[in-house]
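# Coordinate analysis (summary)
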Amino acid sequence: MRILVTADYQTLSRTAAELVAKAVRGRAEFVLGLPTGRTPLGMYAELVRMHRDQGLSFSKVRTFNLDEYLGLAQDDPNSFHTCMHEHFFDHVDIAEANAHFPDEAGNYEEAIRNVGGIELLIVGIGANGHIAFNEPGSGFSSRTRTVSLAAETMANAAKQFGSNAVPHQAVTMGIGTMLDSRHIVLLASGSGKAEVVRRSLRGPITEAVPASALQMHPNVIAILDEEANGEK
Ligand code: GLP
């Protein structure tokens, strides 16, 4: 695993966006795996800017989001679908039909396989070490499935949901699904992530820390800001 420590969140976002842009440019087709959460928002803003100012095109790109809550309408303000549209899809030239989200229908794995697999997967990390919604204890060979959210995950989401109830379940890519991607970029920002970053990247590989599975993948770049890196 390559660990890239950037000065701050803005540099992290720019570095991640440049990596995506470089991968997408000049390719007839490209398959991206995409995360939600606060961490990737700066990267999306930068990609939108590159689309506007430099003509970076997503017209030949297919995207597969990592996860989605169960029980929310697509246009619910708290759905990951809404988040992706607000921050990215509505501001670039991606075709609606090329932007995929997992659902209960159960054909996500097949859809990913049918386009030749994910070339570049971007992931964030939860405070408890989850990647997508693979909570601690998730099998490293797990595939896309319905999961129950950990209490800690629901408590963290509650701030964003305000007076609305946080769903108890979600559909998530599995850890095995994610590890099948040819390249993976992990993003982590802020001192609140330092401890879980340390356990995930530098600790033992264990299902108790889902993100530690990334240590087993041959092509991972972790982009951290100084606060998330934690080490002086
Ligand atoms: C949610 C998402 C994860 C994301 C995590 C961290 O739980 N399912 O994919 O990595 O939040 O979010 P944030 O970037 O806001 O810390």
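Scroll up for the structure.
Below, the structure is looked at part by part. (Residues numbered from 1 in each chain as written. Predicted model: local features only at pLDDT ≥ 70, side-chain atom pairs only at ≥ 80, totals over all residues. Heavy atoms only, no water.)

With that settled, the discussion passes to the sheet that holds strand β6 (residues 120-123). One open sheet accounts for 7 strands, arranged β1-β10-β9-β6-β2-β3-β5; its pairing is parallel. If you trace the sheet from one side to the other, it starts and ends with β1 (2-6) and β5 (99-100), each paired once. Of the strand pairs in this sheet, β6 and strand β9 (residues 183-188) are connected by 4 bridges, and their pairing is parallel. When the sheet's bridge partners are listed, Val123 is paired in β9 with Leu186. Sheet strands touched by helix α1 (residues 9-24): β1, β2 (30-34), β3 (61-65), β6, β9 and β10 (220-225). Its angle to β10, the strand with the most contacts, is close to 155°. (Pairing = 2+ DSSP bridges. Helix = DSSP H or I, 4+ residues; strand = E, 2+ residues; numbered from the N terminus. Contact = heavy atoms within 4.5 Å. Axes fitted to C-alpha atoms, helices over the stretch in contact; angles between N-to-C directions.)

Our focus in this paragraph is the side chain of Thr144. By the secondary structure assignment, Thr144 is in the loop between β6 and β7 (145-148). Of the polar contacts made by the side chain of Thr144, one reaches the side chain of Glu109; its length is 2.7 Å. Beyond its immediate chain neighbours, meaning those up to four positions away, Thr144 contacts Pro102, Tyr108, Glu109, Val171, Thr172, Met173, Gly174 and Thr177. (Polar contact = N/O pair within 3.5 Å; in protein donor to acceptor, adjacent residues only side chain to side chain.)

Right, let's talk about the environment of Asn114 for a bit. Mapped onto the fold, Asn114 is located in helix α4 (residues 108-114). Relative accessible area serves as the criterion here: at 60%, Asn114 is assigned to the exposed category. Sequence separation between Asn114 and Glu68 is 46 residues, and the spatial gap between their C-alpha atoms is 21 Å. (Buried < 20%, exposed > 50% of the residue type's maximum accessible area, 1.4 Å probe, protein only.)

Notably, Ala132 is not glycine yet its phi reads approximately 50°, a positive angle. Owing to a relative accessible area of 7%, Ala132 belongs among the buried residues under this scheme.

It is worth spelling out the pattern of salt bridges at this point. Under the definition given, this model contains 9 salt bridges. Arg198 is the salt-bridge partner of Glu195, the closest N and O atoms lying 2.9 Å from each other. A residue pair is termed a helical-turn pair when its members lie 3 or 4 positions apart in one helix, as Glu195 and Arg198 do in helix α7 (residues 194-202) at 3 residues. Exposure remark for Glu195: the relative accessible area of 45% places this residue in the partly exposed category. One salt-bridge network, in which partners are shared between bridges, spans Glu46, Arg49, Arg52 and Asp53. (Salt bridge = Lys/Arg side-chain N within 4 Å of Asp/Glu carboxyl O.)

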